[in-house]
Amino acid sequence: MDHPIPRLPAGGAQVWWATPTHGTDERTDLRALLDSREHTRWQRLRLPASRALYLTAHALARVVLGAHVGQAPHLLEFSAVCAHCGGPHGKPQVLATGDWQLSLSHSGQRVAVAVARGAPLGVDVEQVTGRPDDLVETVLTGAEREALDRCPPGDRAAGFIRYWTRKESALKATGDGVMIEPVQLSVSPPDAEAELLAWRARPRPLVLPHLTDLDPGPGYRACLAVLGPPPHVTEHDASPLLLPSPAPVGAGAGAGV
């Protein structure tokens, strides 16, 4: 974990990309970074792929934020209280570290951790696996459905996911999440620069999100939403941050470990 993490300038946002760390049961170094609540949630996940995604995202968030605030990753404290019902499933908040903001997302083989200072944010990444027609009416407005139907058939699945990530990132940034249906928001068409065009849900946020499309790699779409002025967004490869710690000299076969 000696890989340098660039300083985050005022008005900036960083997005760190990783692939799931498999063999999580053997990665005691990453599991040691989690607090008791996170470890319990990780243990409850049954599928190895889900366990890998969860551990990768939460360990990475701790490594990145720990470097920014100058604190050991395992000592960071998080809260995830829902702003609407008070349940333990809300937007993650970093405690006792000033005004640092955090958002996590994962899908398929991509994990995203976004951080900023002083500006709430939300990141969403989704794998393009097809157009889920059962969700279209709860996600897209009439105008957006018409725009999507004008796209070439081969581009419609990716176009739908582009709409989806723009709206989901905005709702994560405001903390509304699933409390507001995405159809209550209007965003720009898939082939246009990301922009929030309308927010019809009530109450309306005091500050609307600014959207930035991200580059998660082939087969995925992603977006970052930040409340306030347009941020300077940088994207980074997090793979070096999650490499196993070097074994002590002399460790190995016959070392008794």
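Above this text is the structure in question.
Rules used throughout
Residues numbered from 1 in each chain as written. Predicted model: local features only at pLDDT ≥ 70, side-chain atom pairs only at ≥ 80, totals over all residues. Heavy atoms only, no water. Core = buried A, V, L, I, M, F, W, Y, C linked by side-chain atoms within 4.5 Å. Buried < 20%, exposed > 50% of the residue type's maximum accessible area, 1.4 Å probe, protein only. Helix = DSSP H or I, 4+ residues; strand = E, 2+ residues; numbered from the N terminus. Contact = heavy atoms within 4.5 Å. Polar contact = N/O pair within 3.5 Å; in protein donor to acceptor, adjacent residues only side chain to side chain. Pairing = 2+ DSSP bridges. Expected span 1.5 Å × (residues − 1). Axes fitted to C-alpha atoms, helices over the stretch in contact; angles between N-to-C directions. Salt bridge = Lys/Arg side-chain N within 4 Å of Asp/Glu carboxyl O.

### Digging into the nonpolar core
Trp16, Leu60, Val64, Leu65, Leu102, Val113 and Leu241 are the most contacted members of the largest nonpolar core, which totals 30 residues. Per element, the largest residue contribution to this core is 10 residues, and it comes from helix H3 (residues 48–69). Apart from residues lying up to four places away in sequence, Leu65 is in contact with Leu76, Phe78, Val94, Trp100, Leu102 and Val115. Among the nonpolar cores identified, the runner-up in size contains 24 residues, and Val136, Leu148, Ala201 and Ala225 belong to it.

### Some thoughts on the side chain of Arg62
Locating Arg62 in the fold gives a position in helix H3. According to the relative accessible area criterion, Arg62 is buried, its value standing at 0%. Here the side chain of Arg62 touches Asp35 through a polar contact of 3.3 Å, side chain to side chain. Setting aside chain neighbours within four positions, we find Arg62 in contact with Leu33, Leu34, Asp35, Glu38, Pro73, His74, Leu75, Leu76 and Phe78.

### Description of the pairing of strand E10 (residues 220–227)
Counting buried residues in E10 gives 7 out of 8 residues, a clear majority hidden from the surface. One ladder, built from 7 bridges, connects strand E6 (residues 121–127) with E10; its direction is antiparallel. Residue pairing in the sheet places Val123 in a bridge with Leu224 of E10. Bridge count for strand E9 (residues 209–213) against E10 is 5 bridges, and the pairing is antiparallel. Directly across from Asp213, in E10, lies its bridge partner Cys223.

### Looking at H3
Taking 1.5 Å per residue as the helical rise, H3 with its 22 residues ought to reach 32 Å, and the 32 Å between its terminal C-alpha atoms agrees with that figure. The buried fraction of H3 amounts to 17 of the 22 residues, a majority that puts the element mostly inside the structure. Gly70 sits one or two residues past H3 and shows a positive phi near 70 degrees.

### Considering the sheet that holds strand E5 (residues 110–117)
The strand order across the open sheet formed by 4 strands is E4-E5-E1-E11, and the pairing between neighbours is mixed. The sheet terminates laterally at strand E4 (100–107) and strand E11 (232–237), the two strands that pair on one side only. In this sheet, adjacent strand axes meet at a mean angle of 20 degrees when their direction is disregarded. In this structure, E4 lies alongside E5, joined through 8 bridges in antiparallel fashion. Paired with Ser103 across the two strands is Ala114, which belongs to E5.

### Here's the deal with the pairing of E5
Counting buried positions along E5 yields 7 of 8 residues, so the element is predominantly enclosed. Taking the residues between adjacent antiparallel strands as the criterion, E4 and E5 are bridged by 2 residues, where Gly108 takes a positive phi near 60 degrees.

### Describing the side chain of Gln101
Note on placement: Gln101 falls in strand E4. Beyond its immediate stretch of four places on either side in the chain, Gln101 contacts Lys91, Gln93, Ala114, Val115, Ala116, Gly118, Ala119, Pro120 and Leu121.

### Topic: the pattern of salt bridges
Evaluated as defined, the whole model comprises 7 salt bridges. As a salt-bridge pair, Arg62 and Glu38 come within 2.9 Å of each other at their nearest N and O atoms. Of this pair, Arg62 sits in helix H3 while Glu38 sits in helix H2 (residues 36–44), and the two are 24 residues apart along the sequence. We note that Arg62, like Glu38, is buried. Here Arg162 ties to Asp213 by a salt bridge, and the two come within 3.7 Å at their closest N and O atoms. Remark: Asp213 occurs in strand E9 and Arg162 occurs in helix H6 (residues 156–174); sequence separation between them is 51 residues. Residue Arg162 is classed as buried on the basis of its relative accessible area, which comes to 15%. Among the charged side chains, a salt-bridge network with shared partners connects Asp35, Glu38 and Arg62.

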